[in-house]
Amino acid sequence: MIKRILSILLALLILCCIYGCDQDNRVEDEPTETTTDTDKTEPNLIEQTESDYIISTDWMTFYFSKGDFKESDVEDIAEEAVSVMADVRNHLKVKYTLEEAKETICYFDSTYLNKDGQKRSWCSWNEKEMYCISLDDFVHEYVHMISENNDDLVYHPSKLFSEGLAQYVSLNFYNGIASRQYAFFKEAPVSKNSNASEHQMICDLLSDNGLAYNAENYNKAFVAILDKNYDVTKIDVNSDFYKYNIGQIFIDYCINQLGGLEKFVSVYCDSVTIADVYGKSVDDLVIEACAYNTSTFYKD
């Protein structure tokens with residue numbers, strides 16, 4: 001009888017030991033499962049320096065100034081930037097490849113100063129670097145990057161061509177080039193004329209012609225006023241006004257009145273052929289482009 005009782009007690013003791021081991025194993029396994037779930041989480045795409053958030057993509061590496069951007073936004077901005085770049089490449093159809101894009105960098109920093117100490121965006125296409133003081137300038141600078149590095153380029157054209165094309169594409173980007181509506185990359189605001197009376201003249205001219213108040217139309221109206229009242233041939237060809245404002249009018253005319261974008265890009269890549277392609281010199285085409293632009297605002 002005593003032996004039977006001892007046997008039962010021994011059996012119960014063994015069962016208790018086995019149950020206790022199972023409990024210990026269950027408690028210890030729980031953290032392992034949690035760790036596995038954490039490992040499945042997507043890695044953080046953002047690298048950092050003391051001053052910047054850094055995101056690398058196939059086409060470009062972006063540096064976002066911590067003084068201008070929140071960490072929670074930079075991945076979304078980079079995703080949009082990749083799409084914006086694709087839109088520009090698809091529109092221009094220049095031969096700019098991933099191989100050419102290697103090690104290309106863009107800095108977004110509102111405090112950037114160029115080599116002349118000016119606070120303005122800039123593209124150093126030969127060094128594969130872009131500096132944008134705002135997201136609004138990204139399209140303009142990216143046009144420089146791909147148009148000056150494409151495989152079809154024979155000669156680097158004058159600033160009238162390069163700045164004019166960058167200005168033309170950036171001001172038309174949200175009117176037929178962009179493939180989607182962007183949350184961060186917005187249409188550039190109007191850069192108002194500092195002369196109040198001239199600004200009012202421009203606004204009146206836009207209103208009289210039923211044109212929207214935007215950067216593209218504002219610039220066209222301003223050039224029309226100058227062409228109507230002054231001699232545009234007297235404008236300094238080295239001035240920003242000539243390179244950017246007249247450049248936009250010149251490029252717009254070549255593309256929309258003289259045979260389309262593909263034809264113009266071929267001239268851009270080999271600008272010495274302009275007389276053969278268009279039958280006129282650059283100077284004559286500039287005068288013709290300004291006259292055409294003026295005629296769209298003044299019907300008399």
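Treat the numbers as computed from the prediction; the structure is a model and nothing was measured.

Parameters and conventions
- Residues numbered from 1 in each chain as written.
- Predicted model: local features only at pLDDT ≥ 70, side-chain atom pairs only at ≥ 80, totals over all residues.
- Heavy atoms only, no water.
- Helix = DSSP H or I, 4+ residues; strand = E, 2+ residues; numbered from the N terminus.
- Buried < 20%, exposed > 50% of the residue type's maximum accessible area, 1.4 Å probe, protein only.
- Contact = heavy atoms within 4.5 Å.
- Areas by Shrake-Rupley, 256 points an atom, 1.4 Å probe, with all protein chains shown as cover.
- Expected span 1.5 Å × (residues − 1).
- Bend = angle between axes of the 7 residues up to and from the residue.
- Core = buried A, V, L, I, M, F, W, Y, C linked by side-chain atoms within 4.5 Å.
- Pairing = 2+ DSSP bridges.
- Phe/Tyr/Trp six-rings, centres within 6.5 Å; stacked < 30°, edge-to-face > 60°.
- Lys NZ or Arg CZ within 6 Å of the ring centre and 35° of its normal.
- 1 Å grid on protein atoms, 1.4 Å probe; cavity = no way out; pocket = protein on both sides within 12 Å on 5 of 7 lines; lining within 4 Å.
- Points joined across faces, edges and corners; volume = space filled by probe spheres on them.

Undergrad: In this structure, what is going on with the overall build of the chain? I would like to understand it.
TA: On a plain count of helices and strands, the chain comes out with eleven helices and six strands. When the 300 residues of the chain are sorted by exposure, 44% land in the buried category. Put simply, of all contacts in the chain between residues at least 6 apart along the chain, 62% involve residues at least 24 apart. For the chain, the accessible surface area stands at approximately 17100 Å², while carbon and sulfur atoms represent 51% of it.

Undergrad: Looking at this structure, how should I read helix H9 (residues 261–269)?
TA: Listing the buried residues of H9 in full gives Leu261, Phe264, Val265, Val267, Tyr268 and Cys269. Summarising the contacts, the buried residues of H9 are in contact with helix H2 (71–92), helix H4 (138–147), helix H5 (159–177), helix H8 (240–257) and helix H10 (274–278).

Undergrad: In this structure, what is going on with H8? I would like to understand it.
TA: With 18 residues, H8 extends 24 Å between its outermost C-alpha atoms, agreeing within 8% with the 26 Å of an ideal straight helix rising 1.5 Å per residue. Where H8 bends most, at glycine 247, the angle is about 35 degrees. In terms of residue burial, H8 counts as a mostly covered element, since 15 of its 18 residues are buried. Count one or two residues on from H8 and you reach glycine 259, which has phi positive near 120 degrees.

Undergrad: How do you make sense of the nonpolar core when you look at a structure like this?
TA: It is characteristic of soluble globular proteins that their nonpolar side chains tend to be buried jointly. Core analysis: the biggest nonpolar cluster contains 76 residues, and Phe62, Phe64, Phe108, Phe138 and Tyr142 have the highest contact counts within it. Counting residues per element, this core draws most heavily on H8, which supplies nine residues.

Undergrad: So what exactly am I meant to see when it comes to the sheet that holds strand S1 (residues 47–48) here?
TA: Across a sheet, paired strands are connected by hydrogen bonds in the backbone, their directions being either parallel or antiparallel. The strand order S1-S2-S3-S4-S6-S5 describes an open sheet built from six strands, whose pairing is mixed. Bordering the open sheet on either side are S1 and strand S5 (122–124), each of which pairs with just one other strand. Looking at chain direction, S1 and strand S2 (residues 52–56) are connected through two bridges and run antiparallel. Paired with glutamine 48 across the two strands is tyrosine 53, which belongs to S2.

Undergrad: Mind showing me how you'd approach the packing of aromatic side chains here?
TA: How two aromatic rings sit relative to each other is given by the distance of their centres and the angle of their planes. Per the counting criterion, the structure on display carries 23 aromatic pairs. With a centroid separation of 4.4 Å and an interplanar angle of 10 degrees, the aromatic rings of tyrosine 112 and tyrosine 131 are classed as stacked. Residue tyrosine 112 is located in the loop between strand S4 (105–108) and S5, and its partner tyrosine 131 is located in strand S6 (residues 129–132); the two are separated by 19 residues in the primary sequence. Given the relative accessible area of 14%, tyrosine 112 is considered buried. According to the relative accessible area criterion, tyrosine 131 is buried, its value standing at 15%. Arranged with centres 6.1 Å apart and planes meeting at 20 degrees, the rings of tryptophan 122 and tyrosine 131 form a pair that is stacked. Accessibility expressed as a relative area gives 31% for tryptophan 122, which makes it partly exposed. A network of ring pairs unites the aromatic residues Trp59, Phe62, Phe64, Phe69, Tyr96, Phe108, Phe138, Tyr142 and Phe185 as a single cluster. When the ring centre of tryptophan 59 is taken as reference, the NZ or CZ atom of arginine 89 above it lies at 3.5 Å. The lysine or arginine in question, lysine 228, covers the ring of tyrosine 298, its NZ or CZ lying 5.0 Å from the ring centre.

Undergrad: Is there a simple way to explain the pairing of strand S3 (residues 61–65) in this structure?
TA: Counted residue by residue, S3 has five buried out of five residues, so it is predominantly covered. In this sheet, S3 lies alongside S2 in antiparallel orientation, the contact comprising five bridges. In the strand pairing of S3, aspartate 52 is matched with serine 65. Two successive antiparallel strands, S2 and S3, enclose a turn made up of four residues. Relative to S4, S3 is paired through four bridges, and the arrangement is parallel. Its bridge partner being in S4, tyrosine 63 is matched across the sheet by tyrosine 107.

Undergrad: Hey, could you run me through empty space enclosed by the protein in this one?
TA: To locate leftover empty space, one rolls a probe as large as a water molecule over the atoms. Throughout the structure, instances matching the rule amount to one cavity of 30 Å³ or more. When its volume is computed, the largest cavity comes out at roughly 30 Å³. Lining the largest cavity are Ser170, Leu171, Glu187, Ala188, Ala215 and Glu216. Sorting the residues of the lining of the largest cavity by element identifies H5 and helix H7 (215–229) as the ones contributing at least two each.

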